[in-house]
Amino acid sequence: AVASSFSCFYVVDETEQAVVTRLGKYLKTTDAGLQFKLPFGIDKNYNVPVKIVQTEQFGFTTVKAGRNNEYRNNVTDESSMLTGDLNIVDVEWIIQYRIVDPKQWLFGVYEKNTTIRDISRSVINELVGDRAILNVMGPDREEIQTLAMDMMNENFKNLGLGIKVNTVQLQNIVPPEG
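Read on for an overview of the structure.

So, how was this worked out
Residues numbered from 1 in each chain as written. Predicted model: local features only at pLDDT ≥ 70, side-chain atom pairs only at ≥ 80, totals over all residues. Heavy atoms only, no water. Phe/Tyr/Trp six-rings, centres within 6.5 Å; stacked < 30°, edge-to-face > 60°. Buried < 20%, exposed > 50% of the residue type's maximum accessible area, 1.4 Å probe, protein only. Lys NZ or Arg CZ within 6 Å of the ring centre and 35° of its normal. Salt bridge = Lys/Arg side-chain N within 4 Å of Asp/Glu carboxyl O. Helix = DSSP H or I, 4+ residues; strand = E, 2+ residues; numbered from the N terminus. Expected span 1.5 Å × (residues − 1). Arc of directions from axis to C-beta. Patch = residues over 30% accessible without salt bridge, like charges linked within 9 Å, V, L, I, M, F, W, Y side chains within 5 Å. Areas by Shrake-Rupley, 256 points an atom, 1.4 Å probe, with all protein chains shown as cover.

As a further point, take the packing of aromatic side chains. The description of an aromatic ring pair rests on the distance of the ring centres and on the angle between the ring planes. A full pass over the atoms with the stated rule returns 3 aromatic pairs. Taking the centre distance of 6.5 Å and the plane angle of 40° together, the rings of tyrosine 97 and tryptophan 105 count as tilted. Residue class for tryptophan 105 comes out buried when judged on its relative accessible area of 12%. Over the ring of tryptophan 105 we find lysine 112, and its NZ or CZ is 5.6 Å from the ring centre.

What follows covers the pattern of salt bridges. All chains considered together, the criterion is met by 4 salt bridges. For aspartate 43, the salt bridge goes to arginine 22, with nearest N and O atoms at 2.8 Å. One end of the pair, aspartate 43, is in strand β5 (residues 43–49); the other, arginine 22, is in strand β2 (residues 16–22), and 21 residues separate them in sequence. Here aspartate 43 falls in the buried class, since its relative accessible area comes to 3%. Put simply, arginine 131 and glutamate 143 hold a salt bridge, and the shortest N to O gap is 3.6 Å. In this pair, arginine 131 is assigned in the loop between α3 (112–129) and α4 (133–137) and glutamate 143 in helix α5 (residues 141–159), connecting sequence segments 12 residues apart. With relative accessibility at 10%, the residue arginine 131 sits in the buried group. Counted as one network, the salt bridges with shared partners bring together Arg131, Asp140 and Glu143.

Turning to α5, a few remarks are in order. Here α5 contains 19 residues, and its C-alpha end-to-end distance of 27 Å stays within 8% of the 27 Å for a straight helix at 1.5 Å per residue. For α5, the set of buried residues is Ile144, Gln145, Ala148, Met152, Asn153 and Phe156. Viewed along the axis of α5, the buried residues span an arc of 155°, placing them on a single side of the element. Along α5, the residues that are exposed and aim more than 90 degrees away from the buried face are Lys157 and Asn158.

What follows deals with a nonpolar patch on the surface. Residues Phe9, Val11, Leu23, Leu34, Phe36, Leu38, Phe40 and Ile42 make up a contiguous nonpolar surface patch of roughly 870 Å² in combined accessible area. For the nonpolar patch, the elements supplying multiple residues, two or more each, are β1 (9–12) and β4 (33–36). Position of valine 11 relative to the elements: it lies in strand β1. Of the residues examined, valine 11 reaches a relative accessible area of 57% and is grouped as exposed.

In structure tokens form, the structure reads like this:
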């Protein structure tokens with residue numbers, strides 16, 4: 001009796017919404033607070049951080065965060081791109097996004113992180129590939145960031161991922177060494 005009463009309640013943090021399923025089917029989305037559900041696994045809750053801005057880094061990783069951040073550049077091949085004038089450029093960028101639809105986030109796409117990274121790389125590759133190297137490094141930087149955010153949001157919406165990109169920030173843009 002005691003165990004069943006404990007499994008009837010769940011807490012949703014201020015930064016979260018909870019998606020509740022009944023026997024595996026979507027039932028409802030609940031907001032912050034103490035919530036009730038049916039016991040013994042009939043209802044299950046999945047808390048999703050909808051108010052937290054999440055960040056993905058491309059071409060570099062943060063080794064140590066804090067007062068003096070440390071980064072490791074040229075981590076993968078994802079930052080090397082071909083420009084419109086057939087030059088190779090190394091582009092590092094970050095995207096920041098929030099989950100706007102917890103149900104879509106949980107059930108819309110299986111490989112969420114991979115999908116976010118692949119779409120972001122594809123969009124930046126396309127925008128860099130349409131421009132000359134000097135334009136990418138200089139005057140078109142703001143336009144690339146704005147277009148990238150719009151294109152990514154359109155792709156994520158079409159896929160039903162349940163996220164919205166708030167920021168695309170190009171970091172270092174340099175020709176590769178050698």
